[in-house]
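# Examination of the molecular architecture
Spelled out, the chains give:
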Amino acid sequence: MDWPADSEIAVITQTTLSVGDTATAIGAIQERFPGAVVRNDICYATTNRQDAVTQMAGLVDVVLVIGAQNSSNCNRLREVAEANGTPAYLINGPDEINPDWLVGCQRAGITSGASTPEVLVEAVIDALDPEKVTFLEGAEEDITFTLPRELR
């Protein structure tokens, strides 16, 4: 469609896609439609994890993302690491770690999707048996949601 630049446009996003890709798309829309109203509801856990992977990717030789192969969130985390120049692999647990991925690596980064059980993360750490585990400081996830009045 060839809409005039002054068309009334509203953009609503609710996604686990890449924060960067979403920002690029919104920027292109706002450039074409300067008056566009934007409501960006990228999941806070997704945003926090993608930011953490961006930071971590520069500090490690490989990133292991723990989660389901069909998880959009987990696939974006893998893509974010790779986009920052670090090889990354999506695994469901320690049995899927390929030792060849770790050859020549001094530091491995581990992250997981928002719904990945902590027990799987701990199992991957145990399988790697590192000399040291360092946790990166990230955004505190202390958001609470109020129940609708009818449910209180």
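Residues numbered from 1 in each chain as written. Predicted model: local features only at pLDDT ≥ 70, side-chain atom pairs only at ≥ 80, totals over all residues. Heavy atoms only, no water.

Within an unreviewed UniProt entry, the label attached to the chain reads 4-hydroxy-3-methylbut-2-enyl diphosphate reductase, and the organism entered is Geodia barretti. As stated in UniProt under Cofactor (unreviewed entry), the record for the chain gives "[4Fe-4S] cluster". (UniProt positions renumbered as here; feature names shortened; annotations may be inferred.)

## Observations concerning the packing of aromatic side chains
One pass over the full model with this rule turns up 2 aromatic pairs. Centroid distance W3 to F33: 6.2 Å. Interplanar angle 55°. Geometry classified as tilted. Here W3 is found in the segment before β1 (10-13), whereas its partner F33 is found in the loop between α1 (19-32) and β2 (37-40), with 30 residues between them in sequence. Judged by its relative accessible area of 40%, W3 falls in the partly exposed class. (Phe/Tyr/Trp six-rings, centres within 6.5 Å; stacked < 30°, edge-to-face > 60°. Helix = DSSP H or I, 4+ residues; strand = E, 2+ residues; numbered from the N terminus. Buried < 20%, exposed > 50% of the residue type's maximum accessible area, 1.4 Å probe, protein only.)

## Re the layout of surface pockets
Approximately 1,400 Å³ is the volume found for the largest pocket. The wall of the largest pocket is formed by 38 residues, among which M56, I110, T134, F135 and L136 lie closest to the centre. Elements that contribute at least two residues to the lining of the largest pocket include exactly α2 (44-57), β5 (108-112) and α4 (118-128). With 7 residues, the top contributor of residues to the lining of the largest pocket is α2. Classifying every residue of the lining of the largest pocket by side-chain character gives 18 nonpolar, 10 polar and 10 charged. (1 Å grid on protein atoms, 1.4 Å probe; cavity = no way out; pocket = protein on both sides within 12 Å on 5 of 7 lines; lining within 4 Å. Points joined across faces, edges and corners; volume = space filled by probe spheres on them. Nonpolar A, V, L, I, M, F, W, Y, C, P; charged D, E, K, R; others polar.)

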